[in-house]
Amino acid sequence: MSATPQNATPRRILVLGATSGIAEATCRIWASQGASLFLVARNAEKLAAVAADLKVRGASYVGTAVADLDDTDSHPALLAHAVNSLAGMDIAYLAHGILGDQISAEQDFNTAAQIVHTNFMAPVSLLTWLSNYCVQRRSGVLAVLSSVAGDRGRKSNYVYGSSKAGLSAFLAGLRNRIDREGVTVLTIKPGPTRTAMTAGMPKSEKFADVDAVAESIVKAIDGRKDELYVPFQWLPIMFVVRSIPERIFKKLNL
Ligand SMILES: NC(=O)c1ccc[n+]([C@@H]2O[C@H](COP(=O)([O-])OP(=O)(O)OC[C@H]3O[C@@H](n4cnc5c(N)ncnc54)[C@H](OP(=O)(O)O)[C@@H]3O)[C@@H](O)[C@H]2O)c1
């Protein structure tokens, strides 16, 4: 873990969905490195607690804004305020998302639309503004939490999975457009990880540890990687899952 060297300018990091378990764990590492953080979340009480914790852990600056990220109309003003508060931006980290209720989404379009809006439409809106900001400056990292669930639709969570598949495809195209402009786009694909999102799921005690996942994410951002499967074994697992012929796959209970 690399700390900010003395007298070096702290990294300026914007975190969207800062009360997410994975985001919080990542921010704890950045705080211990002395980073400047701007945190956006919709729950004011949780956000204040996270911000206070990160200050204690060594963040050189912690700014906050309470916002429901489903409200895409508010994004330009929110993002402009965030980068002004940070006096620039080196990394944007998009972490918000919902699992949603698959069973309900199978019956009710509004439930499905909500999942797609939060996990796909809202990030597309945020990334449109953020990518143009970074391209103008020819620098920056856009690190986004997608999911292994986006690699292939499965009966147990294909609404969530398709929202993440759309997000991963958007990020691949965005990378293809702006990597040559000096902007890194990192697609993060966690496997099941122990956070509030997975609490109560069967065998959740066997899911990945959030601090280990966060450490891999920080390394991938520092290494300016394009894509991260985390934990790493999800790379070969998803290769196999994607390779199963559809005539077999459609009969599996996954
Ligand atoms: N945990 C896993 O197994 C796993 C695996 C693959 C990918 N991911 C992805 O990783 C990301 C982080 O998930 P997590 O595991 O850290 O889950 P989490 O702890 O449940 O975090 C999700 C966060 O998203 C926020 N959020 C949801 N809708 C929002 C909205 N409209 N506006 C603002 N914030 C909103 C939630 O805020 P509230 O607290 O206010 O509800 C919460 O802080 C998500 O994109 C998730 O899809 C997670």
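Structural data are supplied above this passage.
In this text, all values refer to a predicted model and were calculated from it rather than measured experimentally. (Residues numbered from 1 in each chain as written. Predicted model: local features only at pLDDT ≥ 70, side-chain atom pairs only at ≥ 80, totals over all residues. Heavy atoms only, no water.)

Details of helix H2 (residues 44–56)
Selection criterion: Numbered from the N terminus, helices here are DSSP runs of H or I no shorter than four residues, and strands are runs of E no shorter than two. For a helix, the expected span equals 1.5 Å multiplied by the residue count minus one. For this analysis, residues touch if any pair of their heavy atoms sits within 4.5 Å. Polar contacts here mean pairs of N or O atoms no more than 3.5 Å apart (in protein, one a potential hydrogen donor and the other a potential acceptor; neighbouring residues in sequence count only if both atoms are side-chain atoms).
Look at H2: 19 Å from first C-alpha to last across 13 residues, which is about the 18 Å you get at 1.5 Å a residue. Lining the buried residues of H2 we find helix H1 (21–32), strand S2 (36–41) and strand S3 (61–66). A distance of 3.1 Å separates the backbone nitrogen of Glu45 from a side-chain oxygen at the start of H2, and that oxygen is part of Asn43. The positive-phi residue at the C-terminal boundary of H2 is Gly58, with phi of around 115°.

Section: the pairing of S2
Our working rule: Any residue under 20% of the maximum accessible area for its type is buried, any over 50% is exposed, and the rest in between are partly exposed; the area is computed with a 1.4 Å probe on protein chains only. For two strands to be treated as a pair, DSSP must find no fewer than two bridges joining them. Looking down the strands as they point away from you, a crossover is right-handed if its path from the first strand over the helix to the second goes clockwise.
For S2, the buried fraction is high: six of the six residues fall into the buried class. Where burial is concerned, the two faces of S2 agree: the one with Ser36, Phe38 and Val40 and the one with Leu37, Leu39 and Ala41 are both buried. Looking at chain direction, strand S1 (residues 12–16) and S2 are connected through five bridges and run parallel. Note that in S2 the partner of Arg12 across the bridge is Ser36. With respect to chirality, the unit in which S1 leads through H1 into the neighbouring parallel S2 is right-handed. Alignment of S2 against S3, held across six bridges, turns out to be parallel. Residue pairing in the sheet places Val40 in a bridge with Ala65 of S3. What joins S2 to S3 is H2, and the crossover it makes is right-handed.

Section: the nonpolar core
To be explicit about the condition: Residues belong to one nonpolar core when they are buried, are Ala, Val, Leu, Ile, Met, Phe, Trp, Tyr or Cys, and are joined through side-chain atoms within 4.5 Å.
Of all hydrophobic cores here, the largest spans 38 residues; its most connected members are Val15, Trp30, Leu37, Leu39, Tyr93, Ile188 and Ile217. Those residues in contact with Leu39 that sit more than four places away from it in its chain are Val15, Ala18, Cys27, Leu47, Val50, Ala51, Leu54, Val62, Gly63, Thr64 and Ala65. One finds Leu16, Val40, Met89 and Leu126 within the second-largest nonpolar core, a separate group that totals 29 residues.

Some thoughts on the site of the ligand
This is how it is decided: Whether a residue is near a molecule or strand is decided by its heavy atoms; if any one of them lies within 4 Å of it, the residue is near. The Shrake-Rupley method, run with a 1.4 Å probe, gives the accessible areas here. Residue values count only the displayed protein chains as cover. Throughout this entry, Asp, Glu, Lys and Arg are counted as charged residues, while Ala, Val, Leu, Ile, Met, Phe, Trp, Tyr, Cys and Pro are counted as nonpolar. The remaining residues, Gly among them, count as polar.
Close contacts around the ligand come from 29 residues, with Thr19, Lys46, Tyr160, Thr193 and Thr195 the closest. Backbone polar atom of Ala95 to an oxygen atom of the ligand: 3.3 Å apart, as the coordinates give it. Between the ligand and Gly97, the relevant distance is 3.2 Å, taken from an oxygen atom to a main-chain nitrogen or oxygen of the residue. In the complex, the protein chains occlude 92% of the 890 Å² of accessible area that the ligand would expose alone. Mapped onto the shell around the ligand, the elements with two or more residues apiece are H1 and helix H6 (158–178). Considering only residue class, the shell around the ligand consists of 11 nonpolar, 13 polar and five charged.

As for the sheet that holds strand S4 (residues 91–94)
Spelled out, the test is: For helices, the axis comes from a line fit to the C-alpha atoms of the stretch in contact; other axes are also lines fit to C-alpha atoms, and the angle between any two N-to-C directions lies between 0 and 180 degrees.
The sheet built from seven strands is open, its strands ordered S3-S2-S1-S4-S5-S6-S7 with parallel pairing. Looking along the sheet, the strands with just one partner apiece sit at the ends: S3 and strand S7 (227–230). On average, each strand axis in the sheet is tilted by 15° relative to the strand beside it, whichever way the strands run. As paired elements, S4 and strand S5 (residues 141–145) share four bridges and run parallel to each other. Bridged to Leu94 within S5 is Val144.

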